[in-house]
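Coordinates in review
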Amino acid sequence: ERNDSGLKAKILDFGLAKIAEAESDSARLTATGDALGTPAYMSPEQCDGRELDRRTDIYSLACVFYEVLTGKLAFSGSSPLEIMFNHNSAKITPLKEAKPELQSADELESVLMHALEPDPAMRYGSAQELAEDLRKIQQGIPLRKHKSTRRLKLEARRNILIVLSVVLLLTLALLFRQFLQPGQNLTALSASTRALSPNTVRRQIANPLPAASPSRVDIWKGHTLSQYNAMIDKDPNNARLLYNRGTLYKLREERPNAIADFSRAIELKNDFIEAYVERAEQYGRLFEFEKALKDLDKAIALDPRWDWTYMRKAQVESAAELYDDAIEDCQKAIALNPKRAVPQTELARIYDQLGEHEKAVELVNKAMTLRGASLAEFSARALFEMRMKQYAKALKDLKFASREDWAEPFAYEALVYARLNKMEEALVASDKAFALDPFPARSYRLRAELFSAASDFENAIENYSLAISLEPSYAPAYRSRALAYLKMHQLNNALNDLKKAVQLNPFSATSLSLLARVEGALAKTVDAERHMKEAFSRGSLSAVCYLNRAHFYIKKGDLSKARADCRKCLEIDPHLNEASELLNKLSSRESE
């Protein structure tokens, strides 16, 4: 604040503060109820959900340090998720470029880069070490050179004493906190974790996600991201370069950046079929299904004989739960190229989602005899076998499919062990999956499924909530959390999540039928009738839809219709335990 003697610095709770004329509210603010912290100040390990210690506080302090020096954020982006990605991969603008007055601040920049290392092991080990280097700069003592892995945009003292005084004050505050709690493994008590409840912190310490860094793709077509950036700077109208960089962004799960590059490539070359197909995939992953299907229809119009486009369209339709359309497009892809394995496997996955697991196994077995068959077919078959409770077969297939750089088989292995009530083995497998997965939201969803399998619904809800905070547009996560709430008889929470799931994906008959089931339980009869009718007008329905309607009929007192729906559910998926148990209860009630 400004007073009669000039400017006066005050330390605030950065996790809840809003700075006037902020560069980006998404960078500055902790989202109410959902966020893990303030994205602009979170360390890479916190963004990834790894175990934290005092070095995460040093990183967050360095983010503030950079902002104090330059007046700009060290890492920014168009969304909290993009900012979190940037902590792991983005280059930092050097001080003298961000603030021309800092031309002679090389030593200060060296300290800053050391504190901002993405790998905690490469950072200062304590706030005391950081403070010592800052004191040396203040006293004109040469520093020991730090080898930084953080890449600057270019190779890199406006009143440095004043700035150092502010930074030293912050550092001493951090030291004071560490001395107050000697020997404690600090778990993000800084601004970047204030949004976590005490119970959440305790559970994460007791059962943390692993400390290993998820792998991230660094090269595509022989070039790194920085090399693509340089080439595109020289040739900004090269559609192929933009497409290749967009593909690298896609592989790194940086979806907004991928969409931006594919869109620019399409602007430059409006018949660029591959760019339409790849952009459609990214729209589909963001649950923007109408945009995705529009792009794929455009690609099909440009070349109606390319089987891959129909297969990609089927994938989007399957994600939108438009199963009839997905089956039709998969069959078109197979008709155009009957010797390719991938469309057969995709068709198998669609039937698996409907609950027809035996048919899914038949299709994937056929795919294994075709061109392009890979370990993916073994992984998919293991999933189907797990649904049929053929756990030994599933583990055998997963052992064959396991690869050092692929997360999916380890994720499925974790689910198999959880269903066998072998939670220790399940957690080991899930840790392996996490270490290989560059997108932490999936890892939290996996952990949530494991807790659900163990009937630990409170922890399942926490992990679904963490996943939702990282990927708020993923509709199935809301539906899964609603099921956990339903198991805990928290009907209003389940109702809210299902409304959100339907809002994000209005095509989903599964979400609509579950919403109607919960509305029926809450005596919202008119809404329940409307939504159940809407769900059953969708065409091909999953087995779970009939199970949801059976519960709905029970609430209405129509037990004969409830029994009929249980039988229909088990006809589609004879392995669904809940339907078997419900039918047994109904049969017992009838005999009484």
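Digging into the overall build of the protein
On a plain count of helices and strands, the protein comes out with 31 helices and 4 strands. Expressed as a percentage of its 592 residues, the buried residues of the protein come to 53%. Surface summary for the protein: the accessible area is close to 27,600 Å², and the carbon and sulfur share equals 51%.

Describing the packing of helix H11 (residues 239–251) against helix H12 (residues 255–268)
Running from N to C, H11 and H12 cross one another at 160°; their axes reach a closest spacing of 8 Å. If you check the angle between H11 and H12, you find them roughly antiparallel. Along this stretch, H11 crosses H12, giving a crossing that reads as left-handed. On the side of H11, the interface is formed by Ala-239, Leu-242, Tyr-243, Arg-245, Gly-246, Thr-247, Tyr-249 and Lys-250, while H12 contributes Asn-257, Ala-258, Asp-261, Phe-262, Arg-264, Ala-265 and Leu-268. For the contact of H11 with H12, a count of residues per class yields 8 nonpolar, 3 polar and 4 charged.

Focus: the side chain of His-357
Relative to the helices and strands, His-357 is located in helix H18 (residues 357–367). For His-357, a relative accessible area of 2% puts it in the buried group.

Concerning the environment of Tyr-276
Its place among the elements puts Tyr-276 in helix H13 (residues 273–285). Leave out the neighbours within four places in its chain, and Tyr-276 touches Ile-266, Asn-270, Asp-295, Lys-298, Ala-299 and Leu-302. Among the polar contacts made by the side chain of Tyr-276, one reaches the main-chain carbonyl oxygen of Asn-270 at a distance of 3.0 Å.

A look at the packing of helix H29 (residues 543–556) against helix H30 (residues 559–572)
In contact at an axis separation of 8 Å, H29 and H30 are set at 165° when each is read in the N-to-C sense. It follows from the interaxial angle that H29 and H30 lie roughly antiparallel. The handedness of the crossing between H29 and H30 is left-handed. Where H29 approaches H30, its residues Ala-543, Tyr-546, Leu-547, Arg-549, Ala-550, Tyr-553 and Ile-554 are matched on the opposing element by Leu-559, Lys-561, Ala-562, Asp-565, Cys-566, Lys-568, Cys-569 and Ile-572. Here the contact of H29 with H30 is composed, by residue class, of 11 nonpolar, no polar and 4 charged.

Points about the environment of Leu-559
As for its placement among the helices and strands, Leu-559 is situated in helix H30. Taking the C-alpha atoms as reference, Leu-559 lies 7.2 Å from Leu-586; in sequence the two are 27 residues apart. For Leu-559, the residues in contact, after removing those within four places along its chain, are Ile-554, Leu-586 and Arg-589.

Description of the pattern of salt bridges
This model, assessed by the stated rule, comprises 36 salt bridges. One salt bridge connects Asp-271 with Lys-269, and the closest N-O pair in it is separated by 3.3 Å. Judged by its relative accessible area of 38%, Lys-269 falls in the partly exposed class. The partner of Glu-328 in a salt bridge is Lys-332, and the shortest N-O contact between them spans 3.6 Å. In this pair, Glu-328 and Lys-332 are both assigned in helix H16 (residues 323–336), 4 residues apart and thus about one turn of the helix distant. Among the residues examined, Lys-332 registers a relative accessible area of 35% and is labelled partly exposed. Residues joined in a network through salt bridges with shared partners are Lys-250, Glu-278, Glu-281, Arg-285 and Arg-312.

Details of the environment of Ser-110
Summarising the element assignment, Ser-110 is placed in helix H6 (residues 106–115). In this structure Ser-110 comes out as partly exposed when scored by relative accessible area, which is 24%. On a C-alpha basis, the gap between Ser-110 and Asp-133 in space is 10.0 Å, while along the polypeptide they are 23 residues apart.

Some points on the nonpolar core
Membership of the largest hydrophobic core comes to 39 residues, with the highest contact counts inside it found for Leu-347, Phe-384, Met-386, Leu-446 and Leu-450. Breaking this core down by element, the ones donating at least two residues are H16, helix H17 (341–354), H18, helix H19 (375–387), helix H20 (391–401), helix H21 (408–419), helix H22 (423–436) and helix H23 (440–453). Here this core takes 8 residues from H21, the largest share from any one element. Once you skip the residues sitting within four places of it in the chain, Leu-450 turns out to touch Ala-414, Leu-415, Ala-418, Met-423, Ala-426, Leu-427 and Ser-430. Ranked by size, the runner-up nonpolar core spans 37 residues in total, among them Leu-515, Phe-552, Cys-569 and Leu-582.

Focus on the packing of aromatic side chains
Two aromatic rings, taken as a pair, are described by how far apart their centres are and by the angle between their planes. For the coordinates displayed, the defined rule picks out 8 aromatic pairs. Each ring, one from Phe-287 and one from Tyr-474, has its centre 5.5 Å from the other, and the planes form 85°; the classification is edge-to-face. Of this pair, Phe-287 sits in the loop between H13 and helix H14 (289–302) while Tyr-474 sits in the loop between helix H24 (457–470) and helix H25 (475–487), and the two are 187 residues apart along the sequence. Looking at Phe-287, the relative accessible area reads 11%, which means it is buried. Tyr-474 gets classed as partly exposed once you look at its relative accessible area, which sits at 23%. One residue, Lys-269, lies across the ring of Phe-272, its end atom 5.2 Å from the ring centre. Sitting over the ring of Phe-536, Arg-549 keeps its end group 3.9 Å from the ring centre.

Description of the confidence of the model for the protein
For the protein, mean pLDDT is 82; residues scoring 70 or higher make up 79% of the total. When pLDDT is averaged over each element of the protein, helix H27 (residues 509–521) comes out on top at 97 and helix H9 (residues 198–206) at the bottom at 32. Note on residues 28–35: pLDDT under 50 across the span, and 21 contacts to partners over four residues away in sequence or across chains. Segment residues 175–214: pLDDT under 50, and 88 contacts once partners within four positions in sequence are set aside and those in other chains are kept.

Brief notes about H22
Given 3.6 residues to a turn, an α-helix orients residues that are three or four positions apart in the same direction. An ideal rise of 1.5 Å per residue puts 20 Å on 14 residues; H22 measures up with 20 Å between its terminal C-alpha atoms. Of the positions making up H22, those classed as buried are Ala-426, Ala-429, Ser-430, Ala-433, Phe-434, Ala-435 and Leu-436. Against H21 and H23 lie the buried residues of H22.

Focus on unusual backbone geometry
Located in the positive-phi region is Lys-221, a residue other than glycine, with phi close to 55°. Examined against the element boundaries, Lys-221 turns out to sit in the loop between strand E3 (219–220) and strand E4 (223–224). Here the phi dihedral of Ser-455 falls at roughly 60°; this positive angle occurs in a residue that is not glycine. One can find Ser-455 in the loop between H23 and H24. For Ser-455, a relative accessible area of 52% gives the class exposed.

Procedures and definitions
Residues numbered from 1 in each chain as written. Predicted model: local features only at pLDDT ≥ 70, side-chain atom pairs only at ≥ 80, totals over all residues. Heavy atoms only, no water. Helix = DSSP H or I, 4+ residues; strand = E, 2+ residues; numbered from the N terminus. Buried < 20%, exposed > 50% of the residue type's maximum accessible area, 1.4 Å probe, protein only. Areas by Shrake-Rupley, 256 points an atom, 1.4 Å probe, with all protein chains shown as cover. Axes fitted to C-alpha atoms, helices over the stretch in contact; angles between N-to-C directions. Parallel < 35°, antiparallel > 145°, perpendicular 65-115°, else oblique. Left-handed = near helix turned anticlockwise from the far one by under 90°. Contact = heavy atoms within 4.5 Å. Nonpolar A, V, L, I, M, F, W, Y, C, P; charged D, E, K, R; others polar. Polar contact = N/O pair within 3.5 Å; in protein donor to acceptor, adjacent residues only side chain to side chain. Salt bridge = Lys/Arg side-chain N within 4 Å of Asp/Glu carboxyl O. Core = buried A, V, L, I, M, F, W, Y, C linked by side-chain atoms within 4.5 Å. Phe/Tyr/Trp six-rings, centres within 6.5 Å; stacked < 30°, edge-to-face > 60°. Lys NZ or Arg CZ within 6 Å of the ring centre and 35° of its normal. pLDDT = per-residue confidence, 0-100. Expected span 1.5 Å × (residues − 1).

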